[in-house]
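The lines below spell out each chain.
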Amino acid sequence: MLDRYNREITYLRISVTDRCNLRCVYCMPEDGIELLEHADILSYDEITAFTRVAAARGVRKVKFTGGEPLVRRGVSRLVSMIASIEGITDISMTTNGILLPEYAGELKEAGLQRVNISLDTVNPSRYRELTRIGELEDVLKGIDAAIDAGLAPVKINCVVRQSSGERDAREVSSYGTGRGLEVRFIQEMTLSSGSYGIVHGGSGGDCSRCNRLRLTSDGKLKPCLFSDVEADIIDLGYNRAIDFALEHKPLCGTINEKGYFYNIGG
Ligand code: SAM
Ligand code: SF4
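Note that the structure is predicted; figures quoted are calculated from it, not measured.

Residue-level account of the environment of I98, with values.
Here I98 shows up in the loop between β3 (90-95) and α3 (100-110). Between the alpha carbons of I98 and S217 there is a distance of 20 Å; along the sequence they are 119 residues apart.

Which residues make up the packing of aromatic side chains, and what values go with them?
Throughout the structure, instances matching the rule amount to 1 aromatic pair. On the basis of an interplanar angle of 90 degrees and a centroid distance of 5.6 Å, the ring pair of F50 and Y238 is categorised as edge-to-face. Separated by 188 residues along the polypeptide, F50 in helix α1 (residues 44-56) and Y238 in helix α8 (residues 238-248) bring together distant segments of the chain. In this structure, K61 packs its charged tip against the face of Y11, placed 4.4 Å from the ring centre.

I'd like to hear about the side chain of S217, residue by residue, with values.
On the secondary structure map, S217 appears in the loop between β8 (212-215) and β9 (220-222). Residue contacts for S217: discarding those within four places in its chain leaves S15, V16, T17, D18, L36, D40, I41 and L42.

Please provide a residue-by-residue account of the packing of α1 against helix α2 (residues 75-83), values included.
Two quantities define a packed helix pair, namely the angle between the helix axes and the distance between the axes. As a packed pair, α1 and α2 sit with axes 10 Å apart at the nearest point and diverge in direction by 25 degrees. Overall, the two elements α1 and α2 adopt an arrangement that is roughly parallel. For α1 against α2, the interelement crossing comes out right-handed. On the side of α1, the interface is formed by Y44, D45, I47, T48 and T51, while α2 contributes V75, R77, L78, M81 and I82. Residue composition of the contact of α1 with α2, grouped by class: 6 nonpolar, 2 polar and 2 charged.

Describe the layout of surface pockets, listing the residues and the values that go with them.
As a volume, the second largest pocket reaches approximately 320 Å³. What lines the second largest pocket is a set of 15 residues, among which T17, H38, I41, R72 and R73 lie closest to the centre.

Quick rundown of the site of ligand 2? Include the residues and the values.
Every residue near ligand 2 is listed here: C20, L22, C24, C27, M28, G67 and N96. Residue composition of the shell around ligand 2, grouped by class: 5 nonpolar, 2 polar and no charged.

Describe the site of ligand 1, with residues and values.
Close to ligand 1 lie 19 residues; Y26, G67, E68, S118 and M189 are nearest. In this structure, M189 approaches ligand 1 through a main-chain N or O atom, which is 2.8 Å from a nitrogen atom. With the chains in place, 94% of the 540 Å² that ligand 1 exposes on its own is no longer accessible. Looking at the shell around ligand 1, the elements with two or more residues in it are β3, β5 (155-160) and β6 (182-187). For the shell around ligand 1, a count of residues per class yields 6 nonpolar, 11 polar and 2 charged.

Run through α8, naming residues and quoting values.
For α8, the set of buried residues is A241, I242, A245 and L246. In an axial view of α8, the angular spread of the buried residues amounts to 135 degrees, which keeps them on one side of the axis. Contact partners of the buried residues in α8: α1, β8, β9, β10 (231-232) and α7 (233-236).

I'd like a rundown of the packing of α3 against helix α5 (residues 136-149), residues and numbers included.
Their axes nearest at 8 Å, the elements α3 and α5 cross at an angle of 20 degrees. Between α3 and α5, the crossing angle belongs to the class labelled roughly parallel. For the pair α3 and α5, the crossing hand works out as right-handed. Side by side, α3 and α5 meet where L100, P101, A104, G105 and K108 of the first sit next to K141, G142, A145, A146 and A149 of the second. Looking at the contact of α3 with α5, its residues break down into 6 nonpolar, 2 polar and 2 charged.

What counts, and where the lines are drawn
Within each chain, residue numbers correspond to sequence positions counted from 1 in written order. In the order they appear in the text, chains get letters beginning with A and ligands get numbers beginning with 1. With the structure being a predicted model, the display of local features is reserved for residues of pLDDT at least 70 and the display and counting of side-chain atom pairs for 80 or more, all residues being used for whole-chain, interface and lining totals. Values shown for side chains rest on all heavy atoms present in the structure; no hydrogens or waters enter the calculation. A run of H or I in DSSP counts as a helix once it spans at least four residues, and a run of E counts as a strand once it spans at least two, with each numbered from the N terminus. Within 6.5 Å between ring centres, the rings of Phe, Tyr and Trp (the latter by its six-membered ring) count as paired, and their orientation is classed by plane angle as stacked under 30 degrees, edge-to-face over 60, tilted in between. Sitting over a ring, as applied to charges here, requires NZ of Lys or CZ of Arg to be within 6 Å of the ring centre and within 35 degrees of the ring normal. The criterion used for residue contact is that any of the two residues' heavy atoms lie within 4.5 Å. Angles shown run from 0 to 180 degrees and are taken between the N-to-C directions of axes, each axis being a line fitted to C-alpha atoms and, for helices, limited to the stretch in contact. When describing relative orientation, an angle under 35 degrees is termed roughly parallel and one over 145 degrees roughly antiparallel, while 65 to 115 degrees is termed roughly perpendicular and anything else oblique. For a crossing to be left-handed, the near helix must be turned anticlockwise from the far one by less than a right angle; the clockwise case is right-handed. Nonpolar residues are Ala, Val, Leu, Ile, Met, Phe, Trp, Tyr, Cys and Pro. Charged residues are Asp, Glu, Lys and Arg, and all others, Gly as well, are polar. Detection works on a 1 Å grid of protein atoms alone, calling trapped sets that fit a 1.4 Å probe cavities and calling open sets with protein on both sides within 12 Å along at least five of seven lines pockets, with lining residues defined by an atom within 4 Å of a point. Grid points are joined across faces, edges and corners, and a volume is the space filled by probe spheres set on the points. To be near a molecule or strand, a residue needs just one of its heavy atoms within 4 Å of it. Polar contact criterion, stated in full: a pair of N or O atoms within 3.5 Å, where within protein one must be able to donate a hydrogen and the other to accept it, and residues adjacent in sequence count only if both atoms are side-chain atoms. Methods summary: accessible areas were calculated by the Shrake-Rupley approach with a probe of 1.4 Å, and residue burial reflects only the protein chains presented. A 1.4 Å probe rolled over the protein chains alone gives each residue an accessible area, and that area as a share of the maximum for its type sets the label: buried under 20%, exposed over 50%, partly exposed in between. The arc under discussion is defined with respect to the helix axis, by the directions toward the C-beta atoms.

The structure is reproduced here in structure tokens:
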């Protein structure tokens, strides 16, 4: 399917929850978050039915995100439901990695192909500072579990404050090189600021080639991270929500004053 600027849309990012087991300083508002009610969250059947319609219209690639996708109970079941949809050929997940020792094996079995794991520093006290509550050791074990389970290639997402030359980023880079992992650096952004960074080593940040739609855990289809525009897939129906998103996908992102990373998924 094409949007109004003739960009082919093949990629759906699905946020399965707004909840998270970390509190990263750049992602969650400082004064805490108001969690969605369980009843407002799409069920696995709804997410699967929507994705089936999107796949029939040309979506090939699905990435699960959150919040932290692994805190939603039974997410491997959702992975296998999505993996069985005809046309979906690429299934990955962005995770903070904390729960991977528990779930990497069953995710692989369910059909997950690879993971992006977020790691901004390999210094334990900096990790605690940046995530407010996290233990570095847990994510390192998660990375090992992903490698062991064959969720390859395991990629590291590293958010940088200024540049990939800063100390935390350089240390993550040597850790990644040592383990044979690809590291992608993402500039820290503020959605309401209107400035967004290129993802070095990734595909984000180039609006002219953007091929994505995003589905939030409460059923809003968003054509762009840097825009307030969204369509409710339950109110509008799946196909009409997709039509709306295609018609309203901006040529270039501007600002998003309503969303945070934790509820859209980055
Ligand atoms: N909880 C999972 C994780 O951290 O990987 C998935 C959701 S998280 C919102 C997705 C990605 O967005 C992560 O790689 C995270 O580092 C990134 N992110 C969050 N806030 C950001 C910000 N303000 N600027 C740039 N990237 C951000
Ligand atoms: Fe949670 Fe991921 Fe946001 Fe960190 S970046 S608070 S791990 S959703």
